[in-house]
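Listed here are the chains, written in short residue letters.
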Amino acid sequence: MSVKSFTDEKLPASAQPSDVELAIGPKVEIYDAEAEDEVFAPKGEHDVDYRQTGWIQAVVILLKSQIGLGTLALPSALHTLGAVPGTIIILGLGAIITYSNYVLGKFRENHPSCHSVGDVGEIMFGCIGREVLGAAYWLFMTMIAGAGLLAASISLNTLSENGACTVVFVIVATIVTALCASVRTFKQISWIGWVGLVSIVPAVLIVTIACGVASRPPAAPEGPYDTQIRATSNPTFPEAFLAIVNILFAFAGTPAFFSVIAEMKNPKDYNKSMFTMQALCTGFYTAIALALYLTVGQYIASPALGSAGPLIKKIGYGIALPGLFVGAIIYTHLAAKYIFVRLLRGKRHLTEPTPVHWVTWVVSVVGCAVFSFVVAEVIPFFGSLLGLVGALFGSLFCLSLCGAMWIYDNHAKYKRGATTFRFKLTYLWNILLIVLGFFMLVAGTYASADSIKTSFDKGEIGSPFSCADNSN
């Protein structure tokens, strides 16, 4: 690694960092790009060239890593929190996560060898940090994939009217996911992202429009009914935080972005891709959540595709099914790519298509898909699973870790006397981001556990590996 510190040579007065640079966090170290070992830099003419993803393809992959499962839980979150607080939280978390995503890009620019948050852990905390954060990242990816398999099984149950055992549907979803996730590069998998977007977005729009034109919510009882649409609400602490971590989950693609940057043709295009994605994502989330909640109120389903009556429900799930699969495919690919790189990094087998390369890749994909299958069967409840994943990992990776990354890269400036007001304010903000992340981890995990316990006590949740119909 070739590194040149800012302190290696004295800068002229005109070249001193501005207040703006100190606030947004420029490079603490300047890396020699040719000497820095990019994880996927091809070393031979027959090596696999992973770095082929353009910025538009990156937008698609980033969008599909966000828009999907989380979208389906947002209207229910608005019902719990109320329309006004819920919308404010969606927009607020969207802005905070945009900042976190920007910090991630700056950290990756300063440390080009980062392929995953496991590498971040090694840079900041040594080998123990690498293993702990790497394991948490892998578990996060596989649990999201498991939620995708669960959503796919709900869709298949809806379309077939429970035509087979639910476990069979999850097995089918796992096999399809493993086969598609075995594609090796994001360049090759980007077309799958397009398929996901052009299925999940129209499906949600169809359900939203159907609910809007209906004379009454399809799930409302005969006779008089009350949608209980409220500007504000009065949820219990567990109910409120389960809704908040479900919203956080909708934006929780952040830790996957390291892997996308590592396979971009020009990593400097990341900000362009990220800001485009985040603007589209936040706008879509806000519009859909409000439109659905304001039309059906308390009769919203989770996933939201079940809110428009039997026929539209089937149409919605039928159109969304490829998108539900794509979510599981992308996150299985990310989890497998982490294992693959972790095992072969620094070896010729990483980019050279040798038997070791292929065996390691296939075993990684299959192993991750099987684990996600177990997650989908052991935790067979959609909303609480999303809340649990968002609380445990979304808060850590999207909030606390990003705040810690900024402080790691900028703390040296404080020691060198970079104490402008803007810099101090940004430093304080990142400390608050770390605290907020840990608070949401504890509160959200408690809320998710309470929700799971309550659902079991009421008999609303079937047993693990059950054949019962899980469609709503």
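In this report, we go over the structure that sits alongside the text. Remember, predicted model here, so these are calculated numbers, not experimental data.

Thresholds, definitions, all that
- Residues numbered from 1 in each chain as written.
- Predicted model: local features only at pLDDT ≥ 70, side-chain atom pairs only at ≥ 80, totals over all residues.
- Heavy atoms only, no water.
- Helix = DSSP H or I, 4+ residues; strand = E, 2+ residues; numbered from the N terminus.
- Buried < 20%, exposed > 50% of the residue type's maximum accessible area, 1.4 Å probe, protein only.
- Contact = heavy atoms within 4.5 Å.
- Areas by Shrake-Rupley, 256 points an atom, 1.4 Å probe, with all protein chains shown as cover.
- Axes fitted to C-alpha atoms, helices over the stretch in contact; angles between N-to-C directions.
- Parallel < 35°, antiparallel > 145°, perpendicular 65-115°, else oblique.
- Left-handed = near helix turned anticlockwise from the far one by under 90°.
- Disulfide = S-S within 2.5 Å.

**So, the overall build of the protein chain**
Scanning the protein chain for helices and strands turns up 14 helices and two strands. Buried positions account for 56% of the 472 residues belonging to the protein chain. Sequence-distant contacts, at least 24 apart, represent 86% of the contacts inside the protein chain between residues at least 6 apart. Within the structure as shown, the protein chain displays about 18,900 Å² of accessible surface, and the carbon and sulfur contribution to it stands at 66%.

**Re the side chain of Lys64**
Structurally, Lys64 is set in helix H2 (residues 55-66). In this structure, Lys64 is in contact with Gly193, Gly196, Leu197, Gly323, Val326, Gly327 and Ile330, ignoring residues within four places of it in sequence.

**Re the environment of Ile288**
Tracing the sequence through the fold places Ile288 in helix H10 (residues 270-296). Its relative accessible area of 5% is what places Ile288 among the buried residues. In this structure the C-alpha to C-alpha distance between Ile288 and Leu74, which are 214 residues apart in sequence, comes to 8.3 Å.

**Quick look at the environment of Ser364**
Inspection of the secondary structure puts Ser364 in helix H12 (residues 355-378). Owing to a relative accessible area of 6%, Ser364 belongs among the buried residues under this scheme. Along the sequence, Ser364 and Ala335 sit 29 residues apart, while their C-alpha atoms lie 8.2 Å from each other. Leaving out residues up to four positions away in the same chain, Ser364 has contacts with Ala336, Ile339 and Phe340.

**Thoughts on the packing of helix H4 (residues 83-110) against helix H14 (residues 421-457)**
Orientation of H4 relative to H14, taken along the N-to-C sense of each, is 110 degrees, at an axis distance of 13 Å. Classified by the angle their axes make, H4 and H14 are roughly perpendicular. Our pair here, H4 against H14, has a crossing hand that is left-handed. Taken together, the residues of H14 that come into contact with H4 (itself represented by Ile96, Tyr99 and Ser100) are Thr426, Trp429, Asn430, Leu433 and Leu436.

**Structural notes on the state of the cysteines**
With the rule as written, the count across this model stands at one disulfide. Shown here is the disulfide that connects Cys165 with Cys467, its sulfur atoms set 1.9 Å apart. A torsion of -85 degrees about the S-S bond marks the disulfide between Cys165 and Cys467 as left-handed. Here Cys467 lies in the segment after H14 and Cys165 lies in the loop between helix H5 (117-160) and helix H6 (166-181), a separation of 302 residues in the sequence.

Fair warning: the whole summary comes from geometry, so function is off the table for now.
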